[in-house]
Amino acid sequence: MRRAFGLILLALGVFAVAGAVLLPTYVYPKLAKVPLDQDSTSVLEGTASKVLAVTDDGSGPVSNIRENAKLTAVAHVQANFAAPEMHQDTDYAVWLLAVQVTDDADGTVLSASKRQVCFDRRTGEGYDPRGATDPSCAANSSYVTELKDKADKDGQKPPETNIEKAQPGLNFKFPFGTEQKDYKVYDDNTGAAVTARYLGTETVNGIETYKFVQEIPDTKLDSKKVPGALVGSAQSSVDADLYYRGVNTLWVEPVTGIEVKQQQQQHQELRTLTSAAVVFDGTLAYNGKTISQMVDQVNANKGKLEFLSSTGPLWLGIGGGVLIVVAIFLLVRRRPAEPPAPRQRRQVVFART
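Residues numbered from 1 in each chain as written. Predicted model: local features only at pLDDT ≥ 70, side-chain atom pairs only at ≥ 80, totals over all residues. Heavy atoms only, no water.

Student: So what exactly am I meant to see when it comes to unusual backbone geometry here?
Tutor: Generally, phi is negative for residues other than glycine and the peptide bonds are trans, each holding for most cases. Here Phe-172, not a glycine, exhibits a phi torsion of approximately 75°, which is positive. Position of Phe-172 among the secondary structure elements: in the loop between β6 (160-164) and β7 (183-187). The partly exposed category is assigned to Phe-172, whose relative accessible area is 24%. (Helix = DSSP H or I, 4+ residues; strand = E, 2+ residues; numbered from the N terminus. Buried < 20%, exposed > 50% of the residue type's maximum accessible area, 1.4 Å probe, protein only.)

Put into structure tokens, the structure is as follows:
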């Protein structure tokens, strides 16, 4: 009976130790991926001391600088299942991001952008085909949408053109198991991966996060003709360069890689040979509802990921080790020797006389 019990404990111990090895090395990598069926909306709110607004008064577009405007930016992320990379068990996802910034005062659309990126579901890295001999993403699965300055006909929306463009660096989120180090994060405005420096830990709505700050230096984005009045010129239109600089601050929950909180400080100005004019200077950040949504996502997934990567393997390893030791003890321990049988006294029978 003792031997059978020992064999059962030994089997359970080996099974537990095997689970401690397989959970972080096999099960965790299979499950630690962003979902394919993404459809989410994030909202950023803030103010701009100056912002360029282009409106139509019926006679054509009119450009003017608005001051101390309250703004709302809505970012919608949606999966594109038409992309060839979007199939079961894939390691890559293709998501489309559309962002629109409006003036709260009258709903005027101040800016709009759209881009699609193929990225690694585990690390969040945007696919960069340069130097790859076996591409994991099709070239046309990553693009940015360019909008013409004006429509072909009055009353129509300016036409859009999708330009194939690799978007290296982190996109949408940080890696599962984010480390306390610097990361390259894709910047929408410059179209390049810019270093986000790790600056320490902070608590956001009860969640411990890693704080990263991405500083974008003064960068030329475009050259275009603009109304002379925007840059203080008497001419009807002048050639100007658009420059941008900014600071993006990201608060990331490290186990899930979710950006719990985000803040964007941006400054844009038009420059000519003789003058310059600020066309945007403001700060936008996740509103309270968006932060709460991110916290809910963390709470729904963090415990599962920690069990697969750390707590589960730890307890299975300890428990399995204890079971194996107990089993070996039971199997190798000898039964105590039976005490010797008592000596029987010899009876002497005396014959009667």
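Student: Whenever I open this one, the pairing of strand β5 (residues 143-147) confuses me. Can you help?
Tutor: The side chains of a regular strand alternate between the sheet's two faces. In terms of strand pairing, strand β4 (residues 109-120) meets β5 through two bridges, oriented antiparallel. What sits directly across from Arg-115, in β5, is Val-144. (Pairing = 2+ DSSP bridges.)

Student: What is the right way to look at the packing of aromatic side chains in this model?
Tutor: One pair of aromatic rings is described through two measures. These are the centre distance and the angle between the planes. One pass over the full model with this rule turns up nine aromatic pairs. Relative to Phe-212, the ring of Tyr-183 lies with its centre 5.8 Å away and its plane at 75°, an arrangement referred to as edge-to-face. Of this pair, Tyr-183 sits in strand β7 while Phe-212 is found in strand β9 (residues 207-227), placing the two residues 29 residues apart along the sequence. This pair shows no difference in class: Tyr-183 is buried, exactly as Phe-212 is. Aromatic rings pair up to connect Phe-174, Tyr-183, Tyr-198, Tyr-210 and Phe-212 into one cluster. Across the ring face of Phe-172, the terminal group of Arg-115 is positioned such that the distance to the ring centre comes to 5.7 Å. The ring of Phe-176 is capped by Lys-173, whose NZ or CZ atom sits 4.0 Å from the centre of that ring. (Phe/Tyr/Trp six-rings, centres within 6.5 Å; stacked < 30°, edge-to-face > 60°. Lys NZ or Arg CZ within 6 Å of the ring centre and 35° of its normal.)

Student: Just to check I follow, could you spell out the state of the cysteines for this structure?
Tutor: Two cysteines joined by a covalent bond between their sulfur atoms form a disulfide. This structure, assessed with the given rule, holds one disulfide. Covalently, Cys-118 is tied to Cys-137 through a disulfide, its sulfur atoms 1.9 Å apart. Between Cys-118 and Cys-137, the S-S torsion sits near -60°, and that sign places the bridge as left-handed. Of this pair, Cys-118 sits in strand β4 while Cys-137 sits in the loop between β4 and β5, and the two are 19 residues apart along the sequence. This pair shows no difference in class: Cys-118 is buried, exactly as Cys-137 is. (Disulfide = S-S within 2.5 Å.)

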